[in-house]
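Here is how the chains run, residue by residue.
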Amino acid sequence: MTAAEVTVAAPAPRGAPGADAPAPASVGARAAVTAATATNAPAMAVEPPNPGVDGERNIVAFLCRECAYSAADAAGNARTALPPTIRTILVPCTGRVSPLHVLSALAEGADGVYLAGCLEGQCHHRVGNLHALDRVAFLKELLASVGVEPERAAMFTMSAADTPRFVATARGMHETIARLPRLRRG
Ligand code: FES
């Protein structure tokens, strides 16, 4: 499967959270955006992922534009150091990230994937973040059932102003994945 084959999310049902929002621009690790670039928003330059040489990990972070992405932007403006393993992808709402997006990122090179969305009760698409929390919980069970460490998938919630939480979650995910072996495929 190529990154291009998974760039379009399944359309959300009418009235579903995020149904009026466009799907993520890209989901494969190959289309990841560096944290440094993302935090220099609004311009987003897509570049190839880190090849993972010398055991370096790749982590894909789907960031809701209403909260986590703003927090990431503020971290970038403050020149806060972020783990080089984090590749951020801007999404309109975490409710638009499907399990397939996460699995595709893992299949194509990511060692870990996380979603960062609005606080519960504050999703701009009503309950998109609650759906995302359910999906990540499902994914953890799915990964565990096939022998993959469930902590490779995670979700966090935060406000747009909570830059310290964004930085802490990025560093925490980096440390979690660093303790795991590279994800074996095939
Ligand atoms: Fe932020 Fe839905 S708009 S998680």
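Procedures and definitions
- Residues numbered from 1 in each chain as written.
- Predicted model: local features only at pLDDT ≥ 70, side-chain atom pairs only at ≥ 80, totals over all residues.
- Helix = DSSP H or I, 4+ residues; strand = E, 2+ residues; numbered from the N terminus.
- Buried ≥ 20, exposed ≤ 12 C-beta atoms within 10 Å, placed from the backbone.
- pLDDT = per-residue confidence, 0-100.
- Contact = placed C-beta atoms within 7 Å.
- Core = buried A, V, L, I, M, F, W, Y, C linked by C-beta atoms within 7 Å.
- Axes fitted to C-alpha atoms, helices over the stretch in contact; angles between N-to-C directions.
- Parallel < 35°, antiparallel > 145°, perpendicular 65-115°, else oblique.
- Nonpolar A, V, L, I, M, F, W, Y, C, P; charged D, E, K, R; others polar.
- Expected span 1.5 Å × (residues − 1).
- Arc of directions from axis to C-beta.
- Pairing = 2+ DSSP bridges.
- Right-handed = clockwise from strand over helix to strand, strands pointing away.

(A) Just the overall build of the protein chain, in detail. From N to C terminus, the protein chain includes five helices and five strands. Along its sequence from the N terminus, the protein chain presents helices and strands in the succession β-α-β-α-β-α-β-α-β-α. Buried positions account for 46% of the 186 residues belonging to the protein chain.

(B) Structural view of unusual backbone geometry. For Arg79, which is not a glycine, the phi torsion comes out positive at approximately 55°. Tracing the backbone shows Arg79 in the loop between helix H2 (68–77) and strand S3 (86–91). Look at Arg126: it is not a glycine, yet its phi comes out positive at around 70°.

(C) Region of interest: the confidence of the model for the protein chain. Counting all residues, the mean pLDDT for the protein chain is 80, and 70% of those residues have values of 70 or more. A low-confidence stretch, residues 1–22 (pLDDT under 50), is modelled with 45 contacts involving residues beyond four sequence positions or located in other chains. Ignoring residues within four places in sequence, the model shows residues 25–53, a span with pLDDT below 50, making 71 contacts including any to other chains.

(D) Spatial organisation of the nonpolar core. Membership of the largest hydrophobic core comes to 42 residues, with the highest contact counts inside it found for Ala61, Leu63, Cys64, Ala68, Tyr114 and Ala116. The element best represented in this core is strand S2 (residues 59–64), accounting for six residues. Those residues within four positions of Cys64 in sequence are excluded, and the remaining contacts are Tyr69, Val91, Cys93, Thr94, Ala116, Gly117 and Cys118.

(E) Highlighting the packing of H2 against helix H5 (residues 163–178). Between H2 and H5, whose axes approach to 8 Å, the crossing angle comes to 90°. The angle between the axes of H2 and H5 places the two elements in the roughly perpendicular class. Residues Ala68, Ala71, Ala72, Ala74 and Ala75 of H2 pack against Thr163, Phe166 and Val167 of H5. Classifying every residue of the contact of H2 with H5 by side-chain character gives seven nonpolar, one polar and no charged.

(F) Fine view of H5. Along its 16 residues, H5 runs 22 Å from first to last C-alpha, staying within 8% of the 22 Å computed at 1.5 Å per residue. For H5, every residue scored as buried is listed here: Thr163, Phe166, Thr169, Ala170, Met173 and Ile177. Down the axis of H5, the buried set is contained in an arc of 130°. They therefore lie on one face.

(G) Region of the structure containing helix H4 (residues 128–145). Its 18 residues give H4 an end-to-end C-alpha distance of 26 Å, which sits within 8% of 26 Å, the value for a rise of 1.5 Å per residue. Restricting attention to buried positions, one finds in H4 the residues Gly128, Asn129, His131, Ala132, Arg135, Val136 and Leu139. Within H4, the buried residues cover an arc of 140° as seen down the axis, which keeps them to one side. Facing away from the buried side of H4 by over 90 degrees, the exposed positions are Asp134, Phe138, Glu141 and Ser145. Packed against the buried residues of H4 are helix H3 (99–107), strand S4 (112–117) and strand S5 (153–157). Where H4 ends, the next residue or the one after it, Gly147, has phi of about 85°, a positive value.

(H) Quick peek at the pairing of S5. With five of its five residues buried, S5 lies for the most part within the structure. Residues Ala153, Met155 and Thr157 point to one face of S5 and Ala154 and Phe156 to the other, with burial holding for every one of them. Here S4 pairs with S5 via five bridges, running parallel. If you follow Tyr114 over to S5, its bridge partner there is Ala154. Note that the unit made of S4, H4 and S5 has a crossover that is right-handed.

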